[in-house]
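# Notes for the structure review
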Amino acid sequence: QVHLVESGGGLVQAGDSLRLSCTASGRTFSSSWFRQAPGKEREFVAGITWTGGRTVYADSVKGRFAISRDNAKITMYLQMNSLEPDDTAMYYCASALSGLYIGANLYRYWGQGTQVTVSS
């Protein structure tokens, strides 16, 4: 069992930046960020393999968000720049034991989420 804990969310204005963190209790093959806005389905944001050798981004965040990890701390980060009101959502980290997936149903471990709210 791997436990994930997110932090770093908050209320910011459009154009601001935030850095989310996700600390795990153990190692997994890949980790990703998802988000879910009220009334919408959970969507993939970005993912990274344990080695950091492969990253994947949703088109909506390419060029604005950057995913990274510090394996010594078993922590994954999401640097979010140029935030927009449409980025408002609960952000979740998720980990998979094999593969780097876009589908939420393929992730075994989930955190409780951290809220990001971007005002216009």
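The structure contained in this document is the topic of the report that follows. (Residues numbered from 1 in each chain as written. Predicted model: local features only at pLDDT ≥ 70, side-chain atom pairs only at ≥ 80, totals over all residues. Heavy atoms only, no water.)

## Some thoughts on the environment of Ile 102
Following the sequence through the fold, Ile 102 ends up in the loop between β9 (89–96) and β10 (109–110). Sequence separation between Ile 102 and His 3 is 99 residues; the distance between their C-alpha atoms is 20 Å. In this structure Ile 102 touches Phe 34 and Phe 44, once residues within four positions along its chain are discounted. (Helix = DSSP H or I, 4+ residues; strand = E, 2+ residues; numbered from the N terminus. Contact = heavy atoms within 4.5 Å.)

## Some points on the sheet that holds strand β3 (residues 18–24)
Strand pairing within a sheet occurs via backbone hydrogen bonds; the two strands may be parallel or antiparallel. Spatially, β1-β3-β8-β7 is the arrangement adopted by the 4 strands of the open sheet, whose pairing is antiparallel. Each of the sheet's edge strands pairs with one partner strand only, and the pair in question is β1 (4–7) and β7 (65–70). Strand-to-strand twist in this sheet, taken as the mean axis angle between neighbours without regard to direction, amounts to 15°. By the bridge criterion, 4 bridges tie β1 to β3 in an arrangement that is antiparallel. Note on β3: the bridge partner recorded for Ser 7 is Ser 21. (Pairing = 2+ DSSP bridges. Axes fitted to C-alpha atoms, helices over the stretch in contact; angles between N-to-C directions.)

## Considering the packing of aromatic side chains
Applying the stated criterion to the full structure yields 6 aromatic pairs. The interplanar angle of 75° and the centroid separation of 6.4 Å between the aromatic rings of Tyr 92 and Trp 110 together place this pair among those described as edge-to-face. Of this pair, Tyr 92 sits in strand β9 while Trp 110 sits in strand β10, and the two are 18 residues apart along the sequence. Given the relative accessible area of 13%, Tyr 92 is considered buried. In this structure Trp 110 comes out as partly exposed when scored by relative accessible area, which is 25%. Among the aromatic residues, those joined into a cluster by ring pairs are Phe 34, Phe 44, Tyr 92, Tyr 101, Tyr 107 and Trp 110. (Phe/Tyr/Trp six-rings, centres within 6.5 Å; stacked < 30°, edge-to-face > 60°. Buried < 20%, exposed > 50% of the residue type's maximum accessible area, 1.4 Å probe, protein only.)

## A word on the side chain of Ser 21
For Ser 21, the position within the fold is in strand β3. Residue classification places Ser 21 among the buried positions, given a relative accessible area of 15%.

## Quick notes on the state of the cysteines
Enumeration over the complete set of coordinates arrives at 1 disulfide. A disulfide bridge connects Cys 22 with Cys 93, and the sulfur atoms are separated by 2.1 Å. The sign of the S-S torsion, about 60°, decides the handedness of the disulfide formed by Cys 22 and Cys 93: right-handed. On the criterion of sequence distance, the pair formed by Cys 22 in strand β3 and Cys 93 in strand β9 is long-range, its members being 71 residues apart. Cys 22 gets classed as buried once you look at its relative accessible area, which sits at 3%. Residue Cys 93 is classed as buried on the basis of its relative accessible area of 0%. (Disulfide = S-S within 2.5 Å.)

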